[in-house]
Amino acid sequence: MRRKDREVLGDENIAKIIEQCTTCHVAMTDDADASMPYVIPLSFGYNLNSGVLELYFHCAHVGKKLDCIRKNSNVAFSMCVENRIEIHEDIYCKSGRFYASVVGQGKAEIVEDVAEKCRGLSLLMERQATGSTQHPNSAHSTQSTSPHKFEFTPEQAATVTVFKITSTNFTGKAKNDKAQKC
């Protein structure tokens, strides 16, 4: 990372960023044209432990994402929370947005194990049920946590495909002011 002053280190600090993100963009090789990338925004659940990040996603049983993953499991991902913009009227080049992001690369795989599939769906649902109750740029945004644990049955899990990305190659980065915590 070029800007070491903006690097975010440690699982706990990176998890704080991930908790603020609602969408993960996943990039993969296009199955129809390997010279072209394919990127798609997705809802996600995650587990981060000892430097290993697992991102869980769900989708239909057929589709371009799955075709791409089956052909080449190497993927990249990006998630970001954007905060306020600071404008420097005297020198516009010093203007910028405060943000926090996590980016990385990993291997995608279709989850076949039913127990892991149910766990991935639970993480995804719990993640989506937790977060801001209003738009993050709203002055009245509040963080809420989901007191409910979502548990999926094998029958429910059978209605969707779950895939996960496993990564040990990810970084956190933030530009924040003294009042903002990422």
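Further up the page is the structure itself.
Residues numbered from 1 in each chain as written. Predicted model: local features only at pLDDT ≥ 70, side-chain atom pairs only at ≥ 80, totals over all residues. Heavy atoms only, no water.

Draft legend 1. Up close: the packing of aromatic side chains. The tally for this structure, following the rule as stated, stands at 1 aromatic pair. With a centroid separation of 5.0 Å and 25 degrees between ring planes, the pair formed by Phe-57 and Phe-163 is classed as stacked. Of this pair, Phe-57 sits in strand 5 (residues 52-59) while Phe-163 sits in strand 10 (residues 161-175), and the two are 106 residues apart along the sequence. Across the pair, exposure class does not vary: Phe-57 and Phe-163 are buried alike. It is Lys-64 that lies over the ring of Tyr-38; its NZ or CZ is 5.2 Å from the centre. (Phe/Tyr/Trp six-rings, centres within 6.5 Å; stacked < 30°, edge-to-face > 60°. Helix = DSSP H or I, 4+ residues; strand = E, 2+ residues; numbered from the N terminus. Buried < 20%, exposed > 50% of the residue type's maximum accessible area, 1.4 Å probe, protein only. Lys NZ or Arg CZ within 6 Å of the ring centre and 35° of its normal.)

Draft legend 2. Highlighting the nonpolar core. Formed by 34 residues in total, the largest nonpolar core has its most connected members in Phe-44, Leu-55, Phe-57, Phe-77 and Met-79. Phe-57 has contacts with Cys-24, Val-26, Leu-42, Ser-43, Phe-44, Leu-124, Thr-161, Val-162, Phe-163 and Ile-165, leaving out every residue within four places of it along the chain. Membership of the second largest hydrophobic core comes to 7 residues, among which are Cys-118, Leu-121, Ala-157 and Val-160. (Core = buried A, V, L, I, M, F, W, Y, C linked by side-chain atoms within 4.5 Å. Contact = heavy atoms within 4.5 Å.)

Nothing here speaks to function; it is all geometry.
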